[in-house]
Each structure stands twice: as C-alpha cells, then as structure tokens.
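# Chain and residue survey
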Amino acid sequence: MDKKNSLTLLILTVCLVVFPFIVTNTYYISTMVFVGINGIIAIGLSLLMGCAGQISIGHAAFFGLGAYTSAVLTAKLGFHPWCAFFLGILLSSCIALIIGIPSLKLKGHYLAMATLGFGEITYIVFNELTDITGGPSGIGGIPKIYLAGYAMNTDIKYYFFVWAFLLLILTLSLNLIHSRIGRALRSIHDSEVAANAMGVNTSKLKIQVFMISAVFGSVAGSLYTHYVTFVSPSSFGLFFSILLVMMVVIGGMHSVWGALIGAALLTILPEFLRALKDFEIFVYGAVLLLIMIFLPRGLIGGLEYLFNRLIKKV
Amino acid sequence: MPLYSQIIQYVLSGITIGSVYAIIALGFNIIYNSTSIINFAQGEFVMLGGLTMIFFTVMLKFPLVIGFPLTVLVLTLIGIIMERFTISPIKKPTVVTLIIVTIAVSILFKGVAMLVWGKDTHFLPPFSGEKGIAFMGASLNPQYIWVVGITVVVVVLLSIFFKYTIIGKAMTACAVNRTAASLMGINVKRMVLLSFALSAAIGGIAGIIIAPITLMAYDNGAMLGLKGFGAAVLGGLGNFYGAIFAGLLLGVMESLGAGLIHSGYKDAIALLVLLLVLFIKPSGIFGVTEVSGFKKF
C-alpha cells in the first residue's frame, strides 16, 4: 500500500470511530451498518470488475449463500454462529469455483448473461427449496453473533463489528491491488492476450479473484443475517445484483475507494428519497442518470478531478 | 386431458410467449449492432407499449386499429428522446458506463409509469374475444394467433428493411464495421438514433400483443427484458435469425418445464439450458467467436 492509501485509510478509521459519538440517532447508525455490509460486497465486486475487468450480475447470490448458510445452520440446526460463518465462506468459494471455471471463459455481455443466469437460478432455489430455506416466507429467529464473549446485540456494537470487518477487507484489497497479483489482474483488464503473452496465467487469476469476491459476498451475507435476524429470498434477487454493479460503477470502477463511496451513496440515497413517496423511483433513476452522464468515471473520478484542479490552483 | 394434448397445449403457449421473447431479443440486437450497447431499458419499452395501448384503447376507448399505430408512434418518440438525452450527450463512453446509463433510464421509465398508471395491474381485452379454438385436442387462445401472426409480420418487415432498403443496408454496414461505414459517408450518429427509435417501436409492439395474455403493470418490464436478453445471447448477440430461434426455444422450454416438471422452477430450467449452451458454445448457438471477443468491456 502506498502513502496516499494509508493516509486515507487512517482518516477513514478516525471518522468512523468519531461518528457514533457525534451522531447518536440509532437510525443513522443502523443505516451505516448497511453501508458497511454493502460496502464489503461492493469492494469484492470492484476487485473483479475494476481490477480484472470481468463483470458479474449475479453477486447477490453469494451474499445470499452466506446469509442462508448462517441462517439455516444457526437457527435450524443450532450450529455455532462462527462455525456457520466459515462454512458459508467455504460453500461460497466452492460454488464460485464451480461456476467460475466455465463462466469466466465467456467474454463481455456473454459473461454478464451467464452470471445473471446463475444469480437468478440461486434466487429461484432459495424460493423453492421450502424445506431448507423456508421458501418466500424466509427464516426468522436467528441468534446474535458473539465476539470474544460479547454479544453483538446493539446497533452501536454491530456498527463497530461490521466496520472492523470492512476495514480489514479494504486493507487486504488495497494490498492485493498493489502487489504482483494486482498488477497481473490489471494487465488482464487492459488486454488479456498481452497478459497471457507476458506469462500471466489469466484463466487461473480470473477464477481466483472471482472466488475472493464471492468470499467477501458471503462474509457480508453472514453479517447481514446476524444483524437483521431474518432472511427471505427477496433480499437476494436480480435487483440487488444490479444495485451492486451500480455501486461499483457509480462510485468509480477504477478504485476500491469508489466502490465504498458508491455503496454509501446507493444505501443512503433511498433513505432520503423515501419522503418523496411516489416520486421515489423517478428521482432515484434521475440521480443515477445524471451522475453517469456528467461523471462517466464515477464519483471518485469527479473527486479526483476537483482535487487535482485545486492543487494546480494552489 | 391426455398427455399428448397437454404437451401440445404447453408447446402452443410456449411458442406464443417465445415469439414475444424473440421480438424483444430483436430489439436488443438492433441497438447492439449499431452501438454495442446492451440496452437494459428494452424491457421497459415493452411495459410502456402495453400500458400506452391500454391508455388509448381502454381509457380513451380508441379502436384497436388506431390505438396500435398511435402506441407504436409514442414508443418511437420515447426511443428517440432516450437516445437524444441520455446516450448521445455522453462524451467518450465506455461499454460499462452505457450499460449503467440504460439501467438508470429503465428505473426512470419505471418511476414515470408508476406515476402515470399507478401500481395496479392493467387489463387489455384480447383483440378478438376469448373463446378458445379446438386444436388437436388442445384449446387455442385466439390471442396466440395474433401474437404469432404479428411476430411473423414484424420479422418479415424487418428482414425486408435490412436487406432491401438503403437505410437498412446502412444500419447493417454500421453493425459490421462502424469506421468503414462512416468512411463510406454513412452518418453513424443518425443510425444510432434510428436504432433506438426502431428498437423502442418493436418493443412497444411486443408489449401490445402480450398485454392481453399476461396483463401489464409498471414493474413487468425487467423480467420480460431479461428473457429477451437471454434469447439474444443464446442466439448469438447481433444475430437476427438466432434471436428468433432462441426466443422460441426459451419460450417452449419454459412452458414445458412449468407444465411437466414444476411451475416454480420454470425460469430456472430455461436459464439452466441457457447456461449449458453458453458453456459448450461461448458465443451462442449462431454466434461467431471472433465477434463475441471483439466487443468487450
């Protein structure tokens, strides 16, 4: 990690620690928990999309797999939450491997369709496998998760719990991007043929980064499950997969920071727009459209542009 | 009902819904060919087509023969407006940016439709009554004949347009090689505009003919669009006849799967077949590998 990223990470950490002491409203804290959960998945997807240049419109499936593994194992079979948490990761990465090997040979829109199909099939299975998943009515009564003997049972505790995970994942991702592997991944983004010619094992790397992003999705899913203590298929459908892709692109695809900003915007914006009632969907679409037309490199691209101009003036 | 007439019944309804998927897939292809964009708002054109037709014929009580062309006209205008205000202003667009723009537009359309038509599901009466026609032991809904008939007319007209008219040939030229087409004096920007107008119009037609069968609400667009996209990919993106074949195939499989295996899994069965085909032949049934690798993200 370079100096700039370490500094930003430090500032972010300080802001996050200070935040709950300034804002005491539990509604805002709870929204921030969801920003953290969505942020974790968006960072994973950003590694896949921004870094390796492979799209996935089925990432809600991995979020769902993590969430359902935790829900089924803890609420129905009485497993320890952390045990279920790691089994969810294991399951998601295995499925990512099985799906990834044939899918990642596909390119562009064909890959988009394949991942979309995978996401939809998973969604349908969540709905139809009533004996295990409870079908459309979902699973309730999921126990809270414990960390070193402390129950994560309040919004504030969960806020620190989730964001600690996010910072860990963010640090890992930043390190990954600035490593040899990260450079190899970016070479795939620019030209797969050239990367291959330089001796980069592109197909293996693509599958590995797909698995990493699936693991992040699963982690977020388990965290989600133990926070809301209820899961139903509607949270893991096509709409959420598309929302995740939008978080990455609206935030700025070329940087994991962008994914975090995108996740924050797309999680917080609907909360503000709720007051508009029937105009909600309309305004939401309009905002996204305007951002994309005027900032095609995403919010982070716009910020960088402003920052650079400011520096030039000074 | 004996099994064989049940199967005929499922195949008939599969061909009907498949025709609609085929038209939607053609809409995807027309825009893809001229811009290499997947227009995620394509399904919303279908939804808007159905609801606009309901507005003209049910609310304003216009006869079908007037409501139909008026709806197509309105949708054409919507397509033109979409291209002028959202696609055209973007400088140096990348494929992913354009995809997100079309998704944003689809959300916008959905929001507008909800404001105009509300959250209710609307009904469009079938074009010629609801009395079934007996056909090989199965009952044939007369609307099915309308759907398949209009699909055939659309396909024939589009083939004539692309093969024999100068504008159609110019659009085909853009699809093959945009730079070469512009060197030959073809106004590529105008062709992009035209492709959106044409796509919106035939999306609208799909909405008009399917509305009496499935009914129409503001949020029906996404699923129809998804199936159409599936058909376009399965047939090989940009491939005209591939889209028609794949649309019909998806429709029939979905209908047979729902009837014979389990109705909850009908979409899963169709998608599973789609995935398997892609894994075996990564560029769709009729696609060429070179082309699929050419237009990438």
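Residues numbered from 1 in each chain as written. Chains lettered and ligands numbered in written order. Predicted model: local features only at pLDDT ≥ 70, side-chain atom pairs only at ≥ 80, totals over all residues.

## Focus: the overall build of chain B
Helix and strand counts for chain B stand at twelve helices and two strands. In sequence order, the secondary structure elements of chain B are arranged as α-α-α-α-β-β-α-α-α-α-α-α-α-α. Since a compact globule built from 297 residues should have a radius of gyration of about 19 Å, the 19 Å found for chain B is in line with a globular shape. By its C-alpha atoms, chain B is 60 × 50 × 35 Å across when sized along the principal axes. For chain B, the proportion of its 297 residues judged to be buried stands at 51%. Partitioning the intrachain contacts of chain B with sequence separation of at least 6 by distance along the chain shows that 75% fall at a separation of at least 24. (Helix = DSSP H or I, 4+ residues; strand = E, 2+ residues; numbered from the N terminus. Rg over C-alpha atoms; globule rule 2.2 N^0.38 Å. Buried ≥ 20, exposed ≤ 12 C-beta atoms within 10 Å, placed from the backbone. Contact = placed C-beta atoms within 7 Å.)

## Some remarks on the overall build of chain A
Each helix and strand counted, chain A has 14 helices and two strands in total. The C-alpha atoms of chain A give 19 Å as radius of gyration, which agrees with the globular expectation for 314 residues (20 Å, within 12%). Counting only C-alpha atoms, chain A reaches 55 × 50 × 45 Å along its principal axes. Counting across all 314 residues of chain A, residues that qualify as buried make up 50%. Put simply, 76% of the contacts in chain A that link residues at least 6 apart link residues at least 24 apart.

## Considerations on helix H6 (residues 166-176) of chain B
It helps to recall that an α-helix has 3.6 residues per turn; residues three or four apart then point in one direction. Residue and element names in this part refer to chain B. Those residues of H6 that fall on the buried side of the exposure criterion are Ala-170, Met-171, Cys-174 and Ala-175. Looking down the long axis of H6, one finds its buried residues gathered within 145 degrees of arc, a one-sided arrangement. Seen from the buried face of H6, the exposed residues on the opposite side, beyond 90 degrees, are Ile-166 and Val-176. (Arc of directions from axis to C-beta.)

## Section: the interface of chain B and chain A
With 40 residues of chain B at the interface, the matching set in chain A holds 34 residues. Going through the elements one at a time, helix H4 (95-117), helix H9 (221-234), helix H11 (266-280) and helix H12 (289-294) of chain B are the ones with two or more residues in the side of chain B that touches chain A. In terms of residues, the side of chain B that touches chain A owes the most to one element, H4(B), which gives 14 residues. Taken together, the residues of the side of chain B that touches chain A break down into 28 nonpolar, eight polar and four charged. (Nonpolar A, V, L, I, M, F, W, Y, C, P; charged D, E, K, R; others polar.)

## Remarks on unusual backbone geometry
Glycine aside, residues mostly have negative phi, and peptide bonds are mostly found in the trans state. The phi dihedral of Thr229(A) falls on the positive side, at around 55 degrees, and the residue is not glycine. Relative to the assigned elements, Thr229(A) resides in the loop between helix H10 (202-228) and helix H11 (238-251). For Lys61(B), which is not a glycine, the phi torsion comes out positive at approximately 60 degrees. By the element assignment, Lys61(B) lies in the loop between helix H2 (42-59) and helix H3 (64-87).

## Remarks on the environment of Thr171(A)
Following the sequence through the fold, Thr171(A) ends up in helix H7 (residues 155-177). Taking C-alpha positions, Thr171(A) is 8.8 Å from Ser6(A), a pair spaced 165 residues apart along the chain.

## Here's the deal with the environment of Pro142(B)
Residue and element names in this part refer to chain B. Along the chain, the position of Pro-142 falls in helix H5 (residues 142-164). The class of Pro-142 is partly exposed, set by 16 C-beta atoms lying within 10 Å. Sequence separation between Pro-142 and Lys-131 is eleven residues; the distance between their C-alpha atoms is 7.2 Å. Apart from the residues within four sequence positions on either side, Pro-142 is in contact with Pro-126, Ser-128, Gly-129 and Ile-133.

## A short note on the packing of H2(B) against helix H8 (residues 188-214) of chain B
Residue and element names in this part refer to chain B. It is at 7 Å that the axes of H2 and H8 come closest, and there the two elements cross at 55 degrees. The orientation of H2 relative to H8 falls into the category oblique. At the point where H2 passes H8, the crossing takes the right-handed sense. Contact with H2, carried on its side by Gln-42, Phe-45, Val-46, Met-47, Leu-48, Gly-49, Gly-50, Met-53 and Ile-54, involves Ser-199, Ala-200, Gly-203, Gly-204, Ile-205, Ala-206, Gly-207, Ile-208, Ile-210 and Ala-211 of H8 and no other residues of that element. Among the residues forming the contact of H2 with H8, the class breakdown is twelve nonpolar, seven polar and no charged. (Axes fitted to C-alpha atoms, helices over the stretch in contact; angles between N-to-C directions. Parallel < 35°, antiparallel > 145°, perpendicular 65-115°, else oblique. Left-handed = near helix turned anticlockwise from the far one by under 90°.)

## With respect to the packing of helix H4 (residues 81-103) of chain A against H10(A)
All names here are of chain A. Across the interface, H4 lies against H10 with an axial gap of 8 Å and an inter-helix angle of 145 degrees. Considering how the two elements wind past one another, H4 and H10 form a crossing that is right-handed. The residues of H10 that touch H4, namely those facing Pro-81, Phe-85, Gly-88, Ile-89, Ser-92, Ser-93, Ala-96, Leu-97, Gly-100 and Ile-101, are Ile-207, Phe-210, Met-211, Ala-214, Val-215, Gly-217, Ser-218, Val-219, Gly-221, Ser-222 and His-226. Residues of the contact of H4 with H10, tallied by class, amount to twelve nonpolar, nine polar and no charged.

## Re H11(B)
Taking 1.5 Å per residue, 15 residues should reach 21 Å; H11(B) reaches 22 Å between its end C-alpha atoms and fits that length. Summarising the contacts, the buried residues of H11(B) are in contact with helix H5 (108-128) of chain A together with H9 and helix H10 (240-261) of chain B. (Expected span 1.5 Å × (residues − 1).)

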